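# Coordinate analysis (summary)
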Amino acid sequence: MGPYRAAAVSLLFCAPVVAQGPGWSFSPLMGEGDRAAMGCDRDSTRDDFICIVVRCEDDFSPGIHLFSSRKPDALGTWALTLDREDRSVDVVADAAPYSGRVATDTEWLLDRLQQGSYIYLRHSADETAAFRFITLAGSFAAIHEALYWCAPRVTPTEQNAETGVESNNELGEKP
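Heads up: these notes are all about the structure in this document. (Residues numbered from 1 in each chain as written. Predicted model: local features only at pLDDT ≥ 70, side-chain atom pairs only at ≥ 80, totals over all residues. Heavy atoms only, no water.)

### Topic: the pattern of salt bridges
Under the definition given, this model contains ten salt bridges. Note that D58 and R35 form a salt bridge whose closest N and O atoms lie 2.8 Å from each other. Of the two residues, D58 sits in the loop between strand 3 (50–56) and strand 4 (62–68) while R35 sits in the loop between strand 1 (23–26) and strand 2 (36–40), which places them 23 residues apart along the sequence. Across the pair D41 and R132 runs a salt bridge, and its minimum N-O distance is 3.1 Å. Of the two residues, D41 is situated in the loop between strand 2 and strand 3 and R132 in strand 9 (residues 132–135); the sequence distance between them amounts to 91 residues. Both residues of the pair, D41 and R132, belong to the buried class. One continuous salt-bridge network, built from bridges that share partners, spans E32, R55, E57 and R101. (Salt bridge = Lys/Arg side-chain N within 4 Å of Asp/Glu carboxyl O. Helix = DSSP H or I, 4+ residues; strand = E, 2+ residues; numbered from the N terminus. Buried < 20%, exposed > 50% of the residue type's maximum accessible area, 1.4 Å probe, protein only.)

In C-alpha cells form, the structure reads like this:
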C-alpha cells in the first residue's frame with residue numbers, strides 16, 4: 001500500500017461520524033438523501049438530538065417527522081412554541097426511518113416551519129426538562145428543495161408531442 005493510499009485509509013477511520021448537526025440540511029440517513037430536509041436543535045450531538053424532518057413521502061405528499069435520541073418513547077404528545085404560538089402535536093409510529101410522524105396540525109406546522117423564525121419543543125412527559133431550540137433560518141430553501149420531489153407528475157397521455165396550434169397572425173408589419 002502506497003503512502004497516499006495509507007493516508008486516505010487512515011483519514012477514513014479517523015473522520016468523525018456524520019451526526020445530526022444544528023441547522024437545516026438534507027437528511028443524512030441512508031436512502032433519504034435530498035427527499036428530506038432536516039432541522040436539528042442547536043445543542044445537537046451524536047448522542048443527544050431532536051430534529052424535525054420535512055419529507056416527500058412515497059405517495060408524493062409532504063410529511064413531517066420527528067427524529068430524536070429520546071428512545072424508545074419519542075412517540076406521544078410534543079409541546080411546540082413556534083414564533084410565540086403554543087401548540088401541541090401528536091407523534092405516531094411510521095415506517096419511515098425516523099422516530100415518528102406528526103399526525104396532527106401538519107398544514108399549520110409545515111407553513112410555520114417554512115415561514116417562521118424559531119421553534120422550541122419538548123416531549124410532554126418531560127415537564128421539568130428545558131425546551132430544545134431549532135432555528136428556522138434556511139428552512140424555507142431546504143424544505144422547498146426536498147418537496148420538489150412531491151411536485152405533481154405529468155402522465156405520458158397528458159403530454160403533447162406537438163402543440164397543434166398554428167397562428168393566424170401574419171408576422172411583420174402590414175403594408
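### What about the packing of aromatic side chains?
Taken as a whole and judged by the stated rule, the model has five aromatic pairs. Here the aromatic rings of Y118 and F133 are separated by 6.3 Å at their centres, their planes lie at 25 degrees, and the arrangement is stacked. Of the two residues, Y118 sits in strand 8 (residues 118–123) while F133 sits in strand 9, which places them 15 residues apart along the sequence. Overall, the relative accessible area of 18% leaves F133 in the buried class. Their ring planes at 55 degrees and their centres at 5.2 Å tell us that Y120 and F133 sit as a pair that is tilted. A residue pair is termed long-range when its members are at least 10 positions apart, and Y120 in strand 8 and F133 in strand 9 qualify at 13 residues. Here the aromatic cluster, defined as three or more aromatic residues joined through ring pairs, consists of F49, F67 and Y98. Between the NZ or CZ atom of R87 and the centre of the ring of W108, over which it lies, the distance is 4.2 Å. (Phe/Tyr/Trp six-rings, centres within 6.5 Å; stacked < 30°, edge-to-face > 60°. Lys NZ or Arg CZ within 6 Å of the ring centre and 35° of its normal.)

### Points about the sheet that holds strand 3
Backbone-to-backbone hydrogen bonds join strands into a sheet, with any given pair of strands oriented parallel or antiparallel. Read from one edge of the open sheet, nine strands run 1-2-3-4-7-6-5-8-9, paired in antiparallel fashion. At either margin of the open sheet sits one strand with a lone partner, and together these are strand 1 and strand 9. For this sheet, the mean inter-axis angle between neighbouring strands, taken without regard to orientation, is 30 degrees. With two bridges joining them, strand 6 (residues 85–92) and strand 7 (residues 100–102) adopt antiparallel strand pairing. By the bridge assignment, V91 is partnered in strand 7 with V102. Running at roughly 40 degrees to strand 3, helix 3 (residues 139–147) makes contact with strand 1, strand 2, strand 3 and strand 4 of the sheet. (Pairing = 2+ DSSP bridges. Axes fitted to C-alpha atoms, helices over the stretch in contact; angles between N-to-C directions. Contact = heavy atoms within 4.5 Å.)

### Here's the deal with unusual backbone geometry
One can expect most non-glycine residues to show negative phi and most peptide bonds to be in trans. A positive phi angle, close to 50 degrees, is found at D83, a residue other than glycine. Position of D83 among the secondary structure elements: in the loop between strand 5 (76–82) and strand 6. By relative accessible area, which is 29% here, D83 ends up partly exposed. For R84, which is not a glycine, the phi torsion comes out positive at approximately 70 degrees. Mapped onto the elements, R84 comes out in the loop between strand 5 and strand 6. The exposure class of R84 is exposed, given its relative accessible area of 75%.

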